[in-house]
Amino acid sequence: MSALAAGGPAPDVLVPHWLTAVQREDLATLVRRVLQDPEVHPVAAVHLADVLTELHVATARDAVWPASAARVRRVTGWGADVLPVRLSARELASVLVLAGLAPALRAALGRDRS
């Protein structure tokens, strides 16, 4: 364990956004399309690439530790395909500014369902 320096940068906090399989696929498709644009800002590209990574990690995490998400789904009544996608504030901001983000997906990402 290490202590943070006073006044130093705080670590990123990853907040889970519970998305269906369709929402995760729509988000991945949009992010891949945006990353193909040579005009995308390099910093935004890094954050968006991290979003793609987290989408893959969310699926892998559920395959390795399915009980965690299953408990939440059971309590909330969400479908079996709903998984937590953990995004930092920077990653979320990079996604929310995308012009092609569907309103329903924007709403799902905009509310904290954790």
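Conventions used here
Residues numbered from 1 in each chain as written. Predicted model: local features only at pLDDT ≥ 70, side-chain atom pairs only at ≥ 80, totals over all residues. Heavy atoms only, no water. Helix = DSSP H or I, 4+ residues; strand = E, 2+ residues; numbered from the N terminus. Buried < 20%, exposed > 50% of the residue type's maximum accessible area, 1.4 Å probe, protein only. Contact = heavy atoms within 4.5 Å. Areas by Shrake-Rupley, 256 points an atom, 1.4 Å probe, with all protein chains shown as cover. pLDDT = per-residue confidence, 0-100. Core = buried A, V, L, I, M, F, W, Y, C linked by side-chain atoms within 4.5 Å. Pairing = 2+ DSSP bridges. Axes fitted to C-alpha atoms, helices over the stretch in contact; angles between N-to-C directions. Parallel < 35°, antiparallel > 145°, perpendicular 65-115°, else oblique. Nonpolar A, V, L, I, M, F, W, Y, C, P; charged D, E, K, R; others polar.

### A few points about the overall build of the protein chain
- Secondary structure summary: the protein chain contains five helices and two strands in total.
- Mapped in sequence order, the helices and strands of the protein chain form the string β-α-α-α-β-α-α.
- Out of the 114 residues belonging to the protein chain, those deemed buried represent 32%.
- Restricting the contact set of the protein chain to residue pairs at least 6 apart, pairs at least 24 apart contribute 72%.
- Only carbon and sulfur atoms are counted for the fraction: they give 63% of the accessible area of the protein chain, which is about 7000 Å².

### Here's the deal with the confidence of the model for the protein chain
- Confidence along the protein chain averages 90 in pLDDT terms, with 87% of residues attaining 70 or more.
- Looking over the protein chain, one finds the lowest element-wise mean pLDDT in helix H5 (residues 103–110), namely 92, and the highest in helix H1 (residues 21–35), namely 97.

### Some details on the nonpolar core
- Ranked by internal contacts, the top residues of the largest apolar core, which has 20 residues, are Leu27 and Leu109.
- Going through the elements one at a time, H1, helix H2 (42–64), strand E2 (83–87), helix H4 (89–96) and H5 are the ones with two or more residues in this core.
- Excluding residues that lie within four positions of it along the chain, Leu109 makes contacts with His17, Leu19, Leu87, Leu92, Val95, Leu96 and Leu101.

### Digging into the pairing of E2
- Where burial is concerned, most of E2 is hidden: four out of the five residues are buried.
- Sheet topology places strand E1 (residues 15–19) next to E2; five bridges connect them, and they run antiparallel. Residue pairing across strands places His17 opposite Val85, the latter belonging to E2.

### Considering the packing of H2 against helix H3 (residues 66–76)
- At a minimum axis separation of 5 Å, H2 and H3 run at an interaxial angle of 95°. One finds that H2 runs roughly perpendicular with respect to H3. Across the interface between the two elements, Arg61, Asp62, Ala63 and Val64 of H2 pack against Pro66, Ala69 and Arg73 of H3.
- Residue classes in the contact of H2 with H3 are distributed as four nonpolar, no polar and three charged.

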